[in-house]
Amino acid sequence: MEPLLHGIILAFGLILPLGVQNVFVFTQGAMQPNLFRAFPATITAAMCDTLLILLAVFGLSAIVLQFEWLRIGLLMVGVVFLLYMGYAIWKSKPAITETNNALPAKKQIIFAISVSVLNPHAILDIIGVIGTSALKYEDIEQLLFTFACISVSWIWFLGLTVAGAVLKKLDRSGRILMIFNKCSAIFIWGTAIYLMTDVFGQL
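Conventions we followed
- Residues numbered from 1 in each chain as written.
- Predicted model: local features only at pLDDT ≥ 70, side-chain atom pairs only at ≥ 80, totals over all residues.
- Heavy atoms only, no water.
- Helix = DSSP H or I, 4+ residues; strand = E, 2+ residues; numbered from the N terminus.
- Buried < 20%, exposed > 50% of the residue type's maximum accessible area, 1.4 Å probe, protein only.
- Polar contact = N/O pair within 3.5 Å; in protein donor to acceptor, adjacent residues only side chain to side chain.
- Contact = heavy atoms within 4.5 Å.
- Core = buried A, V, L, I, M, F, W, Y, C linked by side-chain atoms within 4.5 Å.
- Patch = residues over 30% accessible without salt bridge, like charges linked within 9 Å, V, L, I, M, F, W, Y side chains within 5 Å.
- Areas by Shrake-Rupley, 256 points an atom, 1.4 Å probe, with all protein chains shown as cover.
- Salt bridge = Lys/Arg side-chain N within 4 Å of Asp/Glu carboxyl O.

Q: Describe the environment of Ala105, listing the residues and the values that go with them.
A: Of note, Ala105 is situated in helix 5 (residues 105-117). For Ala105, a relative accessible area of 39% translates into the label partly exposed. Measuring from C-alpha to C-alpha, the distance between Ala105 and Pro40 comes to 5.8 Å, with 65 residues separating the pair along the chain.

And the structure:
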């Protein structure tokens, strides 16, 4: 029971803060014509997290944590990506006011993979925190811990998608979503600047 509870609390603690991945999944729930049209982004994000968690638990964390240059490289790639994502979100308009703006399934999948795999915060959190925490357990306990972390990820992303769809119904004008997009872009740029200072601090 302890590894299950540990995994749930830890995963929620890591996934709860506003981040690029969360912003993208929530925005798709709000911008797509209906809830099901947003599922490609939701499922892709959850699958990417599942893969990263499995890799972290079963050994990748030990490799990354040993090589400082690899961590810095991830951060540098992440900075560039976050700057671009901030710009894309700032310029985007809700589907409520611009019906052709909703991303098709293929682009949702590509963007969801990008915000998951090229998100240094997510990668370092999963590898550095979940991966190292999993070392505490063995056999069935490690499997329970891993299952708990993965379950939280799927439930959270589905919840974000539904929340986005609900907000769209409450905000027919699209004004709140526009403000949300601007605030999200500023947050993402702030994250990029924070990561940049970390990179320069390591060089």
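Q: Explain the side chain of Thr44 to me, using residue names and the numbers behind them.
A: Looking at the secondary structure, you find Thr44 in helix 3 (residues 39-64). The buried category is assigned to Thr44, whose relative accessible area is 11%. A distance of 2.6 Å separates a polar atom in the side chain of Thr44 from the backbone oxygen of Pro40. In contact with Thr44, not counting residues within four places along its chain, are Ile109, Ala112 and Ile113.

Q: Got a sec to walk through the nonpolar core? Specific residues and values, please.
A: Core analysis: the largest hydrophobic core is formed by 24 residues, its most contacted members being Ile53, Ile126, Ile130, Phe145, Cys149, Phe157 and Leu160. The element that contributes the greatest number of residues to this core is helix 7 (residues 139-170), accounting for eight residues. Ranked by size, the runner-up nonpolar core spans eleven residues in total, among them Val23, Met85, Ile89 and Ala185.

Q: Requested: an account of a nonpolar patch on the surface, with residues and values cited.
A: On the surface, a cluster of nonpolar side chains totalling about 460 Å² of accessible area is made up of Leu54, Phe58, Ile140, Leu143 and Leu144. Of all the elements, helix 7 adds the most residues to the nonpolar patch, at three residues. For Leu54, the location among the structural elements is in helix 3.

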